[in-house]
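# Survey of secondary and tertiary structure
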Amino acid sequence: MKKLINITAALMMCASPALALSEVTEAAVAAPDTLTATARADSLAADSAVVAIETSEIVAEVPAAEIPQFEREIEMSTFIPKGQWITGVSVSYSQSSQDNYQFLIVENLNGDTYSFKVSPMVMYTFQDNMAAGGRLAYNRSRIKLDKAHFVLDSETDYDVDHLFTINHNFSAMAAFRYYLSLGAGTRFGMFAEMQAEFGGGESKIEKGSGVDFTGTFEKSWNINVGMAPGLVMFLNNYSAIEVNVGVLGFNYSHARSTTDRIYVADRKFKMANFRINLFSITFGCTFYI
């Protein structure tokens, strides 16, 4: 009996290595399948990466849609050549006198007035169609009213006598011009002028006589910055007629007045202009040397 038990135990011990070997063999058989699946997954990932890279390269190689360019086919021609000097001067003078003059509500007007203005200009064309320079101006005016009778209606009227006013102003302006020819010729053209002006002046107003006499003295200065487009027509190779008008600008002025040497008053004025100013239209004759 004991021998039978020992033989059975020996057989079982001999059978255990076979069982272990079978388990290892089963694991080894199963391992290639796992490795094959992993390799396939890696291969698929690599193929996907290659496809993605090739796709991105294809997308990058596709050119973007080109925006069509619009050409106006404007031919720029030389209207004012480089090296020319542009000079000119404008002079104006007016005078009037009245003796018992009547007009509308004014009766028995006696007096005289005059005004005088001179404005020289010089510019230099530092590049084709571009010029820079300056302009000076001096203006003086006087009004002398001996007497006048104003009648507003049958019950309202008043008299003015011994009224005298005189003022003079000066200004200096820096200017830049850009010329553009009209058409293929060089007789007619236009220009845009940028202006920066500084000026000042004095004025005096007197009224009445004797104990009723009163007077005011005033000093003022102003700054103007603006643009004035214009037209030019050449009469010959050296002379032209110009007209310009102010359309854009900023103006600032300050004045201080003293009345009867006692009362002092200050006046400030600011204005931005973005419309055509009909009162700034100027005509002149210029010479191109």
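A few points on the structure. (Residues numbered from 1 in each chain as written. Predicted model: local features only at pLDDT ≥ 70, side-chain atom pairs only at ≥ 80, totals over all residues. Heavy atoms only, no water.)

### Comments concerning unusual backbone geometry
Heads up, the condition is: For the purposes of this entry, the term helix denotes a DSSP run of H or I that reaches at least four residues, the term strand denotes a run of E that reaches at least two, and both are numbered from the N terminus. Exposure categories follow from relative accessible area, calculated using a 1.4 Å probe and restricted to protein chains: below 20% of the type maximum is buried, above 50% is exposed, and the middle band is partly exposed.
For Asn-108, which is not glycine, the phi torsion reads 55° and is therefore positive. If you trace the backbone, Asn-108 turns up in strand S2 (residues 106-127). Exposure remark for Asn-108: the relative accessible area of 34% places this residue in the partly exposed category. One non-glycine residue with positive phi stands out, namely His-162, at about 50°. Tracing the sequence through the fold places His-162 in strand S4 (residues 157-181).

### Regarding the nonpolar core
What counts here: Among the buried residues, those of types Ala, Val, Leu, Ile, Met, Phe, Trp, Tyr and Cys that are joined through side-chain atoms within 4.5 Å form a nonpolar core. In this analysis, two residues are considered to be in contact whenever any of their non-hydrogen atoms come within 4.5 Å of each other.
One finds Ile-86, Tyr-179, Val-232, Phe-234 and Tyr-288 to be the most contacted residues of the largest nonpolar core, which totals 13 residues. Secondary-structure elements contributing two or more residues to this core are S2, S4 and strand S6 (214-234). Setting aside anything within four residues of it in sequence, one finds Tyr-288 in contact with Ile-80, Gln-84, Trp-85, Ile-86, Arg-177, Tyr-179, Val-232, Phe-234, Asn-237, Tyr-238, Ala-240 and Glu-242. One finds Val-106, Leu-109, Phe-150 and Val-160 within the second-largest nonpolar core, a separate group that totals six residues.

### Here's the deal with the layout of surface pockets
Inclusion rule: The pocket and cavity definitions rest on a 1 Å grid over protein atoms only: a 1.4 Å probe that fits but cannot leave marks a cavity, an open set with protein on both sides within 12 Å along at least five of seven lines marks a pocket, and residues lining either have an atom within 4 Å of a point. Grid points are joined across faces, edges and corners, and a volume is the space filled by probe spheres set on the points. In this classification, Asp, Glu, Lys and Arg are treated as charged, Ala, Val, Leu, Ile, Met, Phe, Trp, Tyr, Cys and Pro as nonpolar, and every other residue, Gly included, as polar.
Here the second largest pocket defines a volume of roughly 200 Å³. Around the second largest pocket, the lining residues are Phe-79, Ile-80, Pro-81, Gln-84, Thr-186, Arg-187, Phe-234, Leu-235, Asn-236, Asn-237 and Tyr-288. Within the lining of the second largest pocket, the residues separate by chemical class into six nonpolar, four polar and one charged.

### Describing the packing of aromatic side chains
Note the following rule: Aromatic pairs are defined between Phe, Tyr and Trp rings, using the six-membered ring for Trp, whenever the two ring centres lie within 6.5 Å; interplanar angles under 30 degrees are classed as stacked, those over 60 as edge-to-face, and all others as tilted.
With the rule as written, the count across this model stands at eleven aromatic pairs. Between Phe-150 and Tyr-158 the ring centres are 5.3 Å apart and the planes differ by 20°, which places this aromatic pair in the stacked class. Judged by its relative accessible area of 19%, Phe-150 falls in the buried class. The exposure class of Tyr-158 is partly exposed, given its relative accessible area of 43%. Through a chain of ring-to-ring contacts, three or more aromatic side chains come together here, namely Phe-79, Tyr-179, Phe-191, Phe-234 and Tyr-288.

### Comments concerning the pairing of strand S1 (residues 85-103)
Convention followed: Any two strands between which DSSP finds at least two bridges are classified as paired.
Bridge analysis of S1 against S2 gives 16 bridges, and the strand direction is antiparallel. Bridge pairing in S2 places Ser-90 opposite Ser-119. With antiparallel pairing between neighbouring strands as the criterion, S1 and S2 make up a hairpin whose turn holds two residues, including Leu-104 at a positive phi of roughly 55°.

### Re the pairing of strand S9 (residues 263-273)
Looking at chain direction, strand S8 (residues 248-259) and S9 are connected through eleven bridges and run antiparallel. Bridge pairing in S9 places Ala-255 opposite Arg-267. The hairpin formed by S8 and S9 contains three residues between the paired strands, and Asp-260 there has a positive phi angle of roughly 55°.

### Digging into the side chain of Thr-125
The topology assignment puts Thr-125 in strand S2. Judged by relative accessible area, Thr-125 falls into the buried class, the value being 0%. Excluding its chain neighbours within four sequence positions, the residues that come into contact with Thr-125 are Ile-80, Pro-81, Lys-82, Gly-83, Gln-84, Ile-86, Met-130 and Ala-131.

### A word on a negative patch on the surface
Under the convention used in this document: To count toward a patch, a residue needs a relative accessible area above 30% and no salt bridge. Like charges then connect within 9 Å, nonpolar side chains (Val, Leu, Ile, Met, Phe, Trp, Tyr) within 5 Å. For the area figures, the Shrake-Rupley method with a 1.4 Å probe applies, and any residue is considered shielded solely by the protein chains shown. By definition, a salt bridge exists where a carboxyl oxygen of Asp or Glu is found within 4 Å of a side-chain nitrogen of Lys or Arg. Here the positive residues are Lys and Arg and the negative ones are Asp and Glu; neither His nor the chain ends is included. Working definition for charges: the position is that of NZ of Lys, CZ of Arg, CG of Asp or CD of Glu.
Judged by side-chain charge, Asp-153, Glu-155, Asp-157, Asp-159, Asp-161 and Asp-212 come together as a negatively charged surface patch. Here Asp-159 shows up in strand S4.

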